[in-house]
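Chains, contacts and geometry: an overview
Each chain, written out:
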Amino acid sequence: MAVRPPWKRLGQHFLIDGATIDAILAAVGESRVVVEIGPGRGALTRRLAAQAQHLYAIEKDASLAASLQREFVGEPSVSIKCADALREDLTAYPNGLRVVGNLPYNVATALLQQWMGARTHLTDLTVMVQREVAQRLVAPPGDPARGQLSVVVQLLMEVAVLLDVEPGCFDPPPQVMSSVVRLVPRRELPMPEGAWQDFARLAQQAFASRRKTLRNNFPKLPAAVWTATGIDPGRRAETLSGDEFVRLFRTSSRAC
Ligand code: SAM
């Protein structure tokens, strides 16, 4: 049967480089429960199945999902589901799961944001994203790549870039570099568990207009808040450290 060409709209760039596949599998190691996002033609799936006690793979492309379902039909420890990962609730899977995937780039950021809400259910995430997204995830204070995603993800998770991956490692090659990142949920937050969504909204407002100062992005915040936090409102959001954001969050929550 002829193989259908990859679909651009589903971000189909299949891994073909053995060394990259080895590196991802080595980074994941033996696991109890793994959820693979976008298994595609199975480059990671076969090896993950051998390393995990149970592997769940979620693939949106019906023909690729069907092909993997045929391949793993006799293996009860592998479940291939044809579904949109954006609609999957990871908390419905066994607790302590590990998320792995060469993520479709068009939905990678949306998936990461969604998984923040499932973070207490996860052991870690080892995922390939566009290098630009990886740089945003790890961007320190003062880095031009720092934005709301950086601040919120760094509050909730420890993030590290494991390796950069060249376009030639994929078929077809994407136009951009990629990176594999590891995210490990923090067990303790510097705020009550349910408060981080409000923190995320504050961070969003801080970056509402990147060229504006904090004072201009928070026009209604009383001057006393800036005094109490010791943060100069003439600064821009990307210069604030995670601790300063937490201080601003706590003080403004008390003031408003
Ligand atoms: N894991 C394979 C590999 O590394 O060769 C494929 C990776 S490819 C970058 C992304 C895969 O995610 C494709 O198989 C694509 O069909 C699938 N995909 C795209 N959007 C998806 C979604 N919303 N939910 C689940 N899978 C999706």
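It should be noted that the structure appears before, not after, this text.
Residues numbered from 1 in each chain as written. Predicted model: local features only at pLDDT ≥ 70, side-chain atom pairs only at ≥ 80, totals over all residues. Heavy atoms only, no water.

**Looking at helix H5 (residues 131–138)**
- Turning to H5, its buried residues number three or more, namely Val133, Ala134 and Leu137. Viewed along the axis of H5, the buried residues span an arc of 100°, placing them on a single side of the element.
- Contacts made by the buried residues of H5 are with helix H4 (108–116), strand S6 (122–130), helix H6 (148–156), strand S7 (157–165) and strand S9 (178–185). (Buried < 20%, exposed > 50% of the residue type's maximum accessible area, 1.4 Å probe, protein only. Helix = DSSP H or I, 4+ residues; strand = E, 2+ residues; numbered from the N terminus. Arc of directions from axis to C-beta. Contact = heavy atoms within 4.5 Å.)

**Re the site of the ligand**
- The environment of the ligand is made up of 21 residues, and the closest members are Gln12, Leu15, Gly38, Glu59 and Asp84.
- Within the contact set of the ligand, a nitrogen atom lies 2.8 Å away from a backbone nitrogen or oxygen of Ala85.
- At 2.9 Å from an oxygen atom of the ligand is found a side-chain nitrogen or oxygen belonging to Asn102.
- At the level of elements, strand S1 (14–15) and strand S3 (52–59) are the ones that each hand at least two residues to the shell around the ligand.
- Across the shell around the ligand, the residue classes break down as ten nonpolar, six polar and five charged. (Near = heavy atom within 4 Å. Polar contact = N/O pair within 3.5 Å; in protein donor to acceptor, adjacent residues only side chain to side chain. Nonpolar A, V, L, I, M, F, W, Y, C, P; charged D, E, K, R; others polar.)

**Focus on the sheet that holds S6**
- Spatial strand order, S4-S3-S2-S5-S6-S9-S7: seven strands in an open sheet with mixed pairing. Among the strands making up the open sheet, the edge pair consists of strand S4 (78–82) and S7. On average, each strand axis in the sheet is inclined to that of its neighbour by 20°, with strand direction left out of account.
- Note: S6 against S9, six bridges, orientation antiparallel. By the bridge assignment for S9, Val127 is matched with Val181.
- Here H4 sits on the sheet in contact with strand S2 (31–37), strand S5 (97–102), S6, S7 and S9, set at roughly 165° to S6.
- On the sheet, H5 packs against S6, S7 and S9 and is oriented at approximately 135° with respect to S6. (Pairing = 2+ DSSP bridges. Axes fitted to C-alpha atoms, helices over the stretch in contact; angles between N-to-C directions.)

**Here's the deal with the pairing of S6**
- When you tally the buried positions in S6, you get seven out of nine residues, the bulk of the element.
- In the sheet, S5 pairs with S6 via six bridges, with the strands oriented parallel. What sits directly across from Arg98, in S6, is Asp124.
- The parallel pair S5 and S6 is bridged by H4, and the resulting crossover is right-handed. (Right-handed = clockwise from strand over helix to strand, strands pointing away.)

**Observations regarding the packing of aromatic side chains**
- In this structure the tally under the stated criterion is five aromatic pairs.
- Look at Phe207 and Phe245: their rings are 6.0 Å apart centre to centre, the planes differ by 20°, and that puts the pair in the stacked class. Highlighted residues: Phe207 in the loop between helix H7 (196–206) and helix H8 (214–217) and Phe245 in helix H10 (residues 242–255), separated in sequence by 38 residues. Here Phe207 matches Phe245 in class, with each residue buried.
- Over the face of the ring belonging to Trp7 we find Arg9, whose NZ or CZ atom lies 4.7 Å from the ring centre. (Phe/Tyr/Trp six-rings, centres within 6.5 Å; stacked < 30°, edge-to-face > 60°. Lys NZ or Arg CZ within 6 Å of the ring centre and 35° of its normal.)

The values reported here are purely geometric and, on their own, carry no functional implication.
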